[in-house]
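Report on the structure
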Amino acid sequence: THRLVVLVSGGGSNLAALLEAHTDPGYGARVVGVVSDRPGVAALDRAREAGVPTAVVALRDFPDRAAWDRGLTEAVAVFAPDTVVAAGFMKLVGAAFLDRFGGRTVNTHPALLPSFPGAHGVRDALAYGVKVSGCSVIVVDEGVDAGPIIAQEAVPVADDDDEQSLHERIKVVERRLLVDVVGRIARDGLRVEGRHVRLG
Ligand code: GAR
């Protein structure tokens, strides 16, 4: 089956959705490793509970960002992934990582890109006053949430939403979209031609 490594930094609800999906053999993909840039996060507990091996590659343990990026690349390569999934991974990957895993690393983001990239997509969308937001699954490139878009889904904004309530509504849709896209990549493949992406 198609081997997935999931990159995480926090709660790991998207990871949990992938761990649930992969218990179905028909899903076609299996999470074989989880790599975090932060120790002690809930996502690591979720991986351990599912019996999936984990690694932590923290920026502060390396002399500079390029060395960290090489460390991350090696930690991921150990698991020999077919696809890498950034699921709430809050760091930018660098040149070494993209040399090895470019074109087969995807990221999920809680806004309709190219609007509201970055670490505070939900907050920024609310502050702008949009009435519809959503989530995006993209191919990772050197930019900040700037790679080719694989799939998106819209989520309405309520008048009384705060960051947390909107993020929760988005995350329900996001988990389903991410699981669906990753399953399709596993079964049909991912082809990236410039800004255009085809599943299958
Ligand atoms: C998700 O909503 C994900 O899209 C977002 O962080 C959350 C992680 O939740 N990522 C970004 O904002 C990346 N720019 P989780 O840890 O519960 O999966």
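Residues numbered from 1 in each chain as written. Predicted model: local features only at pLDDT ≥ 70, side-chain atom pairs only at ≥ 80, totals over all residues. Heavy atoms only, no water.

1. Structural notes on the overall build of the protein
For clarity, the threshold we go by: Secondary structure follows DSSP: runs of H or I at least 4 residues long count as helices, runs of E at least 2 residues long count as strands, and numbering of each begins at the N terminus. Radius of gyration here is computed from C-alpha atoms only, and the compact-globule reference equals 2.2 Å multiplied by the residue count raised to the power 0.38. Note on contacts: a residue pair qualifies if any of its non-hydrogen atoms lie within 4.5 Å across the two residues. Here, Shrake-Rupley sampling with a 1.4 Å probe gives the accessible areas, and only protein chains in the shown set may cover a residue. Neither His nor the chain ends contribute to the count of charged residues, in which Lys and Arg are positive and Asp and Glu negative. We put the charge of a Lys on NZ, of an Arg on CZ, of an Asp on CG and of a Glu on CD.
Regarding its fold elements, the protein presents six helices and nine strands. The C-alpha radius of gyration of the protein comes to 16 Å, within 12% of the 16 Å expected for a compact globule of 200 residues. When its C-alpha atoms are laid out on the principal axes, the protein stretches across 45 × 40 × 40 Å. Of the contacts made within the protein by residues no fewer than 6 positions apart, 61% connect residues no fewer than 24 positions apart. Accessible surface computed for the protein: about 9,400 Å², of which carbon and sulfur atoms make up 50%. Side chains of the protein give 22 positive and 26 negative charges; the mean places of these two sets differ by 3 Å.

2. Observations regarding the UniProt feature "binding site: (6R)-10-formyltetrahydrofolate" (unreviewed entry) in the protein
The condition is simple: UniProt positions are given in the numbering used here, feature names are shortened, and annotations may be inferred rather than shown by experiment. Detection works on a 1 Å grid of protein atoms alone, calling trapped sets that fit a 1.4 Å probe cavities and calling open sets with protein on both sides within 12 Å along at least five of seven lines pockets, with lining residues defined by an atom within 4 Å of a point. Partly exposed residues are those whose accessible area sits between 20% and 50% of the maximum for their type, while under 20% is buried and over 50% is exposed, using a 1.4 Å probe and protein chains only.
UniProt's feature table lists "binding site: (6R)-10-formyltetrahydrofolate" (unreviewed entry) at Arg65, Met90, Lys91, Leu92, Val93 and Asn107, given in the numbering used throughout. Of the annotated set, the members that line the largest pocket are Met90, Lys91, Leu92, Val93 and Asn107. For Arg65, the position within the fold is in helix H3 (residues 65-77). The exposure class of Arg65 is partly exposed, given its relative accessible area of 41%. Within the fold, Asn107 resides in strand E5 (residues 105-109).

3. Some details on the site of the ligand
Short version of the rule: Here, proximity means that at least one heavy atom of the residue falls within 4 Å of the molecule or strand. Distance and chemistry together define a polar contact, namely a pair of N or O atoms within 3.5 Å, with one atom able to donate a hydrogen and the other to accept it when in protein, and with adjacent residues in sequence counting only for side-chain atoms on both sides. More than half of a molecule's atoms within 2 Å of the grid points is what it takes for that molecule to sit in a cavity or pocket. Any residue outside Ala, Val, Leu, Ile, Met, Phe, Trp, Tyr, Cys, Pro, Asp, Glu, Lys and Arg is labelled polar, Gly included; the first ten of those are nonpolar and the last four are charged.
Around the ligand there are 14 residues in total, and Gly12, Ser13, Asn14, His167 and Glu174 lie nearest to it. The backbone of Gly11 places a nitrogen or oxygen atom 3.4 Å from an oxygen atom of the ligand. Separating a nitrogen atom of the ligand from a backbone N or O atom of Gly118 is a distance of 3.1 Å. Isolated, the ligand exposes 450 Å² of accessible area, and the fraction of that covered by the protein chains is 92%. The pocket occupied by the ligand, as judged from atoms lying within 2 Å of grid points, is the largest pocket. Those elements that provide at least two residues to the shell around the ligand are helix H1 (13-21), E5 and helix H6 (163-188). With three residues, H6 is the single largest residue contributor to the shell around the ligand. Taken together, the residues of the shell around the ligand sort by class into two nonpolar, nine polar and three charged.

4. Things to note about the pattern of salt bridges
Defined as follows: In what follows, salt bridge is the name for a side-chain nitrogen of Lys or Arg lying within 4 Å of a carboxyl oxygen of Asp or Glu.
Throughout the structure, instances matching the rule amount to six salt bridges. Between Lys91 and Asp37 there is a salt bridge, and its shortest N-O distance comes to 2.6 Å. You can see Lys91 sitting in the loop between strand E4 (83-86) and helix H4 (95-101) and its partner Asp37 sitting in the loop between strand E2 (29-36) and helix H2 (42-49), a full 54 residues away along the chain. Residues Arg184 and Asp180 are paired through a salt bridge, measuring 3.8 Å at the closest nitrogen-oxygen approach.

5. A word on the confidence of the model for the protein
We count it as follows: Confidence of the prediction at every residue is given by pLDDT, a number between 0 and 100.
Of the residues in the protein, 100% have a pLDDT of 70 or more, and the chain-wide mean is 98. The ipTM value of the predicted complex is 0.99, and its pTM value is 0.98.

6. As for the packing of H1 against H2
Rules: To obtain an axis, a line is fitted to C-alpha atoms, over the contacting stretch when the element is a helix, and the angle between two such axes runs from 0 to 180 degrees between their N-to-C directions. The scheme is simple: roughly parallel for angles under 35 degrees, roughly antiparallel for over 145, roughly perpendicular for 65 to 115, oblique for anything else. If you view the pair so one helix is near and one far, a crossing is left-handed when the near helix is turned anticlockwise from the far one by less than a right angle, and right-handed when it is turned clockwise.
As a packed pair, H1 and H2 sit with axes 9 Å apart at the nearest point and diverge in direction by 15°. In this view, H1 runs roughly parallel relative to H2, as classed from their interaxial angle. Relative to H2, H1 is oriented so that their crossing is right-handed. Here Ser13, Leu15, Ala16 and Leu19 of H1 come into contact with H2, specifically with Ala43, Arg46 and Ala47. Here the contact of H1 with H2 is built from residues that sort into five nonpolar, one polar and one charged.

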